[in-house]
Number of protein chains: 2
Amino acid sequence: MRVSDLMTPATLLDYDRLKANIRFMSARARDNGVSLRPHIKTHKCLEIAELQKNFGAAGIAASTIGEAQHFARNGFKDITLAVPIAQDKMPAIKQLAVRADLKILVDHPTSVSHLVSALKGTKMELDVLIKVDCAYGRSGVDPSKRSSIRLVERISKARRLRFAGLLTHGGHSYSATSEEGIIKAADDESQAVLQFASLLRKENPNLAPETISIGSTPTMMVRDVIADGITEVRPGNYVFFDYTQVALGMCRAYNCALTVLASVIGSFKDRLVVDAGATALSMDEGPTHIHPDCGYGKVFSDYEEGAFAKSTTITALSQEHGKVAIGRDSPLKKAKPGSRLRILPNHSCLTANLTDEYYVTSGAEVIDIWNVYRRRIVT
Amino acid sequence: MRVSDLMTPATLLDYDRLKANIRFMSARARDNGVSLRPHIKTHKCLEIAELQKNFGAAGIAASTIGEAQHFARNGFKDITLAVPIAQDKMPAIKQLAVRADLKILVDHPTSVSHLVSALKGTKMELDVLIKVDCAYGRSGVDPSKRSSIRLVERISKARRLRFAGLLTHGGHSYSATSEEGIIKAADDESQAVLQFASLLRKENPNLAPETISIGSTPTMMVRDVIADGITEVRPGNYVFFDYTQVALGMCRAYNCALTVLASVIGSFKDRLVVDAGATALSMDEGPTHIHPDCGYGKVFSDYEEGAFAKSTTITALSQEHGKVAIGRDSPLKKAKPGSRLRILPNHSCLTANLTDEYYVTSGAEVIDIWNVYRRRIVT
């Protein structure tokens, strides 16, 4: 099958770029002697995780119970559920722990109590990581506080729980406006967990964390050298990249592996209408802090070269329609219904979450079709 | 099963509110003597479409090939594919037309040529509606132009095509900031198609449109009396409503049928973190033109009463995390991991597109589970 034979909107995945991206990040981890645990929430795809494993990934990170179950059923045994858990997930976590070598995340004493209750009467032991905040300000304990040390002590003393280490995520790298900002976020990541690890060791050598895990795609891309003491990195987005990463300077457009193929369904003097709307691209506004007029994704004039069409902006998305403003210089001035556009999404993780399959491409050929598993929970 | 037994994030659907909303819109259409063709892109659910039919819906409007195929296979025969078509959809449209009484949309002569080529050599006849722009500025022909009349003539002369009528959508009702603005959009809808219909009749009585179709949820809600000559209305969102409709004044919070149940997974002084992120709520920014600080959905303090929690704003979504700022007055100050929040999404159509099933509720009970069909195309 050829790309030109596909009905649109179709989510395309360039096989060579995907492999190059996977190879690059694996080499970065290997050269630094740290484990690579890619976050599979980006792709939710067994074939991609297999590729990551073949290039040396030690395990995976997952975000949802559904993802963790799907990958556990399909041969992935070393799984970190990288979102703090709540009480309603306990039955599912107990089931998962039978199938997989599961690590879970905690940042609050209430969650520890829930875990202890849930495991009471079982013979199961669960590995627990402490989520540490590194100035991102979403989840995680404050690494400078005594209460954070007490949380670790509580876990290490609890029956059926094993303190497995520390984990952080420098998500504030995405709001940086310069490479310096991203380097700062990378410093925050390493420092937060290493300083907390050192505090713990000083408090009690038995509390020394085994795993010290960091990572986001931007903080990995700006780091040739990973700080001593870090044992694991967990980037996710790098398999695909996207326009946000291009704007942050973390990759070039010709590194981006995931695109959406759309058809023109309306042709007007000032605009085109395409059949890729919010359900194909996602409503993610992209890196507006860097490029205020970026629109809802970038239209390629030449995907192989990584060139964007000038004077061409996706200005609005409704459910199944995309509105593409075309200026005087746009190469799409003559596009008519039936013409095809290839679009780089602002945020490939959310775009991937909207499709059932990737059309895996090599040039103009579709060489495979891979499923995306997007169930959040399994009932 | 009870709502409290569900794993989160869970998409809840209040059965009584759903039925009341369906009943209201059916009565509005019936009282005006027009056909109701609900847009099923909002819910993508057979059970909901059955309810709409039981209350008098004459047919359905669909947005994607996948939706149209799914509903055609399941007993819905009168289907308007309410998005202009492009060449790649022709084989699928021919297949669909065998199963269903299909009407398709055109707004460009190139699409007519594609249709004619696709049907050449078949014995099939296709009903074609002209999409008319009513000042929304997305798709559709300009009803005041000669070229629009020529497009109708072209269809009516083409072998295997039948000119079935006119269709418009006052989508600009959503960007209105007052009821007057929505009434203006409703006027635009009716006037655009009625004036074009009158032009066509004057040009040639044989071009008189049979179907004259309008509709959006806001333009239907502000219209007790539908203009003479309109034959059909196509609202979609009204089955659920959402926070955008509340902000526009089209409904009250206690009319909203679709909500997302989330668990607290992080508890901090200034914020909660919940397990409903971009994949549960969608990144739709909501009615920021009316309420700039609305956040990514509204947290209920009491769903039955339709009361929102004060000083509580969903300020950011990442893939599986939602960040909820809690001010001093927030009733959620004491929420801990495991606490539950019920969230009204900004845009229920996009929220629905992110789930596999609705948990149908009556008070605290889950009385049924209904599937959502969210494939865009079928390969």
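Here goes a summary of the coordinates provided. (Residues numbered from 1 in each chain as written. Chains lettered and ligands numbered in written order. Predicted model: local features only at pLDDT ≥ 70, side-chain atom pairs only at ≥ 80, totals over all residues. Heavy atoms only, no water.)

Turning our attention to unusual backbone geometry. Residues and elements named next belong to chain A. Omega for the bond connecting Thr 8 with Pro 9 falls within 30 degrees of zero, at -5°, which places this linkage in the cis form. Counting through the fold element by element, Pro 9 comes out in the segment before β1 (10-14). Its identity as a non-glycine residue notwithstanding, Ser 282 has a phi of 80°, on the positive side. Along the polypeptide, Ser 282 turns up in the loop between α10 (278-281) and β12 (298-302). By relative accessible area, Ser 282 is classed as buried at 8%. (Helix = DSSP H or I, 4+ residues; strand = E, 2+ residues; numbered from the N terminus. Buried < 20%, exposed > 50% of the residue type's maximum accessible area, 1.4 Å probe, protein only.)

This part is about the environment of Leu12(B). Residues and elements named next belong to chain B. The topology assignment puts Leu 12 in strand β1 (residues 10-14). Take Leu 12: its relative accessible area is 0%, and that puts it in the buried class. In sequence terms Leu 12 and Ala 253 are 241 residues apart; their C-alpha atoms lie 15 Å from each other. Those residues in contact with Leu 12 that lie beyond four places of it in its chain are Val 3, Leu 6, Ala 257, Leu 258, Thr 259, Leu 261, Arg 342, Tyr 359 and Thr 361. (Contact = heavy atoms within 4.5 Å.)

Here the focus is the interface of chain B and chain A. With 68 residues of chain B at the contact, the number on the chain A side is 68 residues. The junction of chain B with chain A conceals about 5,500 Å² of combined surface from both sides, 52% of it contributed by carbon and sulfur atoms. Connecting chain B to chain A are 7 salt bridges. A salt bridge links Asp275(B) to Lys89(A), with the shortest nitrogen-to-oxygen separation between them at 2.6 Å. Linking chain B with chain A are 26 residue pairs in polar contact (both at pLDDT 80 or more), by the criterion used here. Breaking the side of chain B that touches chain A down by element, the ones donating at least two residues are α3 (65-73), β4 (78-84), α5 (109-119), β10 (258-267), β11 (271-274), α10 (278-281), α11 (348-352) and β17 (357-362) of chain B. If one sorts the elements of the side of chain B that touches chain A by residue count, β10(B) sits on top with 5 residues. Its residues assigned to classes, the side of chain B that touches chain A shows 24 nonpolar, 23 polar and 21 charged. (Buried area = accessible area lost by both parts, 1.4 Å probe. Salt bridge = Lys/Arg side-chain N within 4 Å of Asp/Glu carboxyl O. Polar contact = N/O pair within 3.5 Å; in protein donor to acceptor, adjacent residues only side chain to side chain. Nonpolar A, V, L, I, M, F, W, Y, C, P; charged D, E, K, R; others polar.)

A few words now on the nonpolar core. Ranked by size, the top nonpolar core spans 100 residues in total, and within it Leu18(A), Ile48(A), Ile130(A) and Tyr358(A) carry the most contacts. In terms of residues, this core owes the most to one element, helix α7 (residues 179-203) of chain A, which gives 7 residues. The residues contacting Leu18(A), other than those within four sequence positions of it, are Leu13(A), Ile48(A), Leu51(A), Val239(A), Phe240(A), Ala257(A) and Trp370(A). If you look at the next biggest cluster of nonpolar residues, it comprises 99 residues, including Ala92(B), Ala118(B), Phe241(B) and Val246(B). (Core = buried A, V, L, I, M, F, W, Y, C linked by side-chain atoms within 4.5 Å.)

When the charged atoms of two side chains with opposite charge come close together, those side chains can pair. Residues and elements named next belong to chain B. For the structure on display, the rule yields 37 salt bridges over all chains. Between Asp 88 and Lys 89 there is a salt bridge, with its nearest N and O atoms 2.9 Å apart. Among the residues examined, Asp 88 registers a relative accessible area of 14% and is labelled buried. For Lys 89, a relative accessible area of 9% puts it in the buried group.

With that settled, the discussion passes to the relation of the copies chain B and chain A. Each copy of the sequence occupies a distinct position, and chain B is placed on chain A by a rotation of 180° and an axial shift of 0.0 Å, giving an RMSD of 0.0 Å. Here the copies are linked by what is in effect a two-fold axis. Distance from the rotation axis, computed per C-alpha, reaches its smallest value in chain B at Met283(B): 2.6 Å. With an isologous cut-off of 70% or more, the 100% of interface residues of chain B that recur at the interface of chain A puts this contact in the isologous class. (Least-squares fit on C-alpha atoms with pLDDT ≥ 70 in both.)

A cluster of acidic residues, Asp16(A), Asp302(A), Glu304(A) and Glu305(A), forms a negative patch at the surface. Within the secondary structure, Asp302(A) is located in strand β12. (Patch = residues over 30% accessible without salt bridge, like charges linked within 9 Å, V, L, I, M, F, W, Y side chains within 5 Å. Areas by Shrake-Rupley, 256 points an atom, 1.4 Å probe, with all protein chains shown as cover. Lys, Arg positive; Asp, Glu negative; His and termini not counted. Charge placed at Lys NZ, Arg CZ, Asp CG, Glu CD.)

Right, let's talk about helix α1 (residues 15-31) of chain A for a bit. Residues and elements named next belong to chain A. Compared with the 24 Å implied by 1.5 Å per residue over 17 residues, the 24 Å span of α1 between its first and last C-alpha is a close match. Of all the positions in α1, only Arg 17, Leu 18, Asn 21, Ile 22, Met 25, Ser 26, Arg 28 and Ala 29 are classed as buried. Along the axis of α1, the buried positions cluster into a sector of 165°, meaning they face one direction only. Turned more than 90 degrees away from the buried face of α1, the exposed residues are Arg 30 and Asp 31. For α1, the elements touching its buried residues are β1, β2 (35-36), α2 (46-54), α8 (217-221), β9 (232-233) and β18 (365-371). Immediately beyond the C-terminal end of α1, within one or two residues, lies Gly 33, with a positive phi of roughly 65°. (Expected span 1.5 Å × (residues − 1). Arc of directions from axis to C-beta.)

This paragraph deals with the environment of Glu50(B). All names here are of chain B. With respect to the secondary-structure elements, Glu 50 resides in helix α2 (residues 46-54). For the pair formed by Glu 50 and Gly 75, sequence separation is 25 residues and the distance between their alpha carbons is 9.6 Å. Residues within four places of Glu 50 in sequence aside, it is in contact with Asn 74 and Phe 76.

Next up on the list: the sheet that holds strand β9 (residues 232-233) of chain B. Each strand in a sheet pairs with its neighbour through backbone hydrogen bonds, running either in the same direction (parallel) or in the opposite one (antiparallel). All names here are of chain B. Read across the open sheet, the 8 strands follow the order β2-β9-β8-β7-β6-β5-β4-β3; overall the sheet is parallel. Two strands in the sheet have a free side with no partner beyond their single neighbour: β2 (35-36) and β3 (60-62). Taken together, the 3 bridges between β3 and β4 define a ladder with parallel strand orientation. If you follow Ala 61 over to β4, its bridge partner there is Thr 80. The strands touched by helix α7 (residues 179-203) within the sheet are β6 (126-131), β7 (161-167) and β8 (211-214), with β8 carrying the most contacts at an inclination of about 160°. (Pairing = 2+ DSSP bridges. Axes fitted to C-alpha atoms, helices over the stretch in contact; angles between N-to-C directions.)

Turning next to the packing of helix α5 (residues 109-119) of chain A against helix α6 (residues 146-157) of chain A. Residues and elements named next belong to chain A. Close contact between α5 and α6 brings their axes to 10 Å; oriented N to C, the two are set at 5°. One finds that α5 runs roughly parallel with respect to α6. The segment α5 lies against α6, with Pro 109, Val 112 and Ser 113 engaging Leu 151, Arg 154 and Ile 155. (Parallel < 35°, antiparallel > 145°, perpendicular 65-115°, else oblique.)

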